[in-house]
Amino acid sequence: ECNGFAGFEGKSGSYLSFTGNYFDFNDGPGLYITNEGEFRVNIAATGNIFHASGRKITDSYLSSHVCIEKCANLVLTSNVFNLELHYDENKQPVAYPEYSIVYKKLKSSVIKDNAMQNGCGKQSFVDLGEHEGDVIIKDNVGDIITDYDKPWPMFEGHMKEWYNV
């Protein structure tokens, strides 16, 4: 939480498990996994909460909850993603992160069953391609923020006193 860059930054190694963590208010991605050499293998991220990642980065794919490159046997499933909303010096709303999940060069990997209602400001998924073998991206739910007056998911009439709806 409140790290100078990523919540977790991994540039080498394999056999990583992230389960039940709360990645909160990181200046870069909540989870940033890349590798300059061979593919990183056997990585599981399941049941985590990602909130307010990428808060110090704009106009970059690093303004994301998860940024993953060059991984094989990756499972990213059953996580929750939520943005943070603040106002700039001109009192205009700004949502961060800009993206929920950015991925590139995956092999035999699954990104599935994640919840991301109001998870980011621009785009939920950014596929930068160059994958090998089967890569499954499906059954993820939620939309990017569209109503800056209601930054949190709600039902009609829910929390009226907070949002004046």
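Residues numbered from 1 in each chain as written. Predicted model: local features only at pLDDT ≥ 70, side-chain atom pairs only at ≥ 80, totals over all residues. Heavy atoms only, no water.

Any chance you could explain the sheet that holds strand 3 (residues 22-24) here in plain terms?
Strand pairing in a sheet relies on backbone hydrogen bonds. The paired strands run either parallel or antiparallel. Pairing is parallel across the open sheet formed by 3 strands, whose spatial order is 3-6-8. The sheet terminates laterally at strand 3 and strand 8 (80-82), the two strands that pair on one side only. Going across the sheet, the axis of each strand differs from the next one's by a mean of 10°, ignoring polarity. Relative to strand 6 (residues 49-51), strand 3 is paired through 3 bridges, and the arrangement is parallel. Opposite Asp 24, over in strand 6, you have His 51 as the bridge partner. (Pairing = 2+ DSSP bridges. Helix = DSSP H or I, 4+ residues; strand = E, 2+ residues; numbered from the N terminus. Axes fitted to C-alpha atoms, helices over the stretch in contact; angles between N-to-C directions.)

Sorry if this is basic, but what is going on with the confidence of the model for the protein here?
Residues shown with low pLDDT carry predicted positions that ought not to be read at fine detail. This prediction gives the protein a mean pLDDT of 88; 88% of its residues lie at or above 70. Within the protein, strand 11 (residues 99-112) carries the highest mean pLDDT (97), whereas helix 1 (residues 160-163) carries the lowest (53). (pLDDT = per-residue confidence, 0-100.)

Is there a simple way to think about the environment of Ile 101 in this case?
Tracing the chain through its elements places Ile 101 in strand 11. If we skip the residues at most four places from it in the chain, Ile 101 touches Val 66, Leu 76, Phe 81, Ile 111, Asn 114, Met 116, Ser 124, Phe 125 and Val 126. (Contact = heavy atoms within 4.5 Å.)

Can you walk me through the packing of aromatic side chains in this structure?
Aromatic ring pairs are described here by two measures, namely the spacing of the ring centres and the angle between the planes. In this structure the tally under the stated criterion is 5 aromatic pairs. Ring geometry for Phe 5 against Tyr 32: centres 5.6 Å apart, planes inclined by 90°, an arrangement best described as edge-to-face. Of this pair, Phe 5 sits in the segment before strand 1 (8-10) while Tyr 32 sits in strand 4 (residues 31-33), and the two are 27 residues apart along the sequence. Classification of Phe 5 as partly exposed rests on a relative accessible area of 26%. Relative to Phe 50, the ring of Phe 23 lies with its centre 4.7 Å away and its plane at 5°, an arrangement referred to as stacked. Separated by 27 residues along the polypeptide, Phe 23 in strand 3 and Phe 50 in strand 6 bring together distant segments of the chain. With respect to burial, Phe 23 and Phe 50 carry one shared label: buried. An aromatic cluster of at least three residues, connected via ring pairs, comprises Phe 23, Phe 50 and Phe 81. (Phe/Tyr/Trp six-rings, centres within 6.5 Å; stacked < 30°, edge-to-face > 60°. Buried < 20%, exposed > 50% of the residue type's maximum accessible area, 1.4 Å probe, protein only.)

Help me understand the state of the cysteines in this model?
Chemically, a disulfide is nothing more than a covalent bond linking the sulfur atoms of two cysteines. On inspection of all chains with the given rule, the structure shows 0 disulfides. Cysteine Cys 71 is unpaired, with the sulfur of Cys 67 as its nearest cysteine sulfur at 10.0 Å. (Disulfide = S-S within 2.5 Å.)

In this structure, what is going on with the nonpolar core? I would like to understand it.
Looking at soluble globular proteins, one finds that nonpolar side chains tend to be buried together. Core analysis: the largest hydrophobic core is formed by 19 residues, its most contacted members being Phe 18, Leu 31, Ile 43, Val 66, Cys 71, Ile 101 and Leu 106. Of all the secondary structure elements, the ones that give two or more residues to this core are strand 2 (16-19), strand 4, strand 5 (40-46), strand 7 (64-77) and strand 11. Top element by residues in this core is strand 7. It accounts for 5 residues. The next biggest cluster of nonpolar side chains, apart from the first, holds 6 residues, and it includes Tyr 32, Tyr 99, Val 102 and Val 126. (Core = buried A, V, L, I, M, F, W, Y, C linked by side-chain atoms within 4.5 Å.)

For this particular structure, what's the right way to read the pattern of salt bridges?
It is possible for side chains of opposite charge to pair when their charged atoms get near one another. Scanning the model with the defined rule gives 9 salt bridges in all. Between Asp 27 and Arg 55 there is a salt bridge, with its nearest N and O atoms 3.0 Å apart. Residue Asp 27 is found in the loop between strand 3 and strand 4, and its partner Arg 55 is found in the loop between strand 6 and strand 7; the two are separated by 28 residues along the sequence. Judged by its relative accessible area of 14%, Asp 27 falls in the buried class. Glu 130 is paired through a salt bridge with Lys 105; the nearest N and O atoms lie 3.6 Å apart. Placement of Glu 130 in the loop between strand 12 (123-127) and strand 13 (132-138) and of Lys 105 in strand 11 is noted, with a sequence separation of 25 residues between them. Lys 105 gets classed as partly exposed once you look at its relative accessible area, which sits at 23%. Overlapping salt bridges, with partners in common, bring together Asp 59, Glu 98 and Lys 122 in one network. (Salt bridge = Lys/Arg side-chain N within 4 Å of Asp/Glu carboxyl O.)

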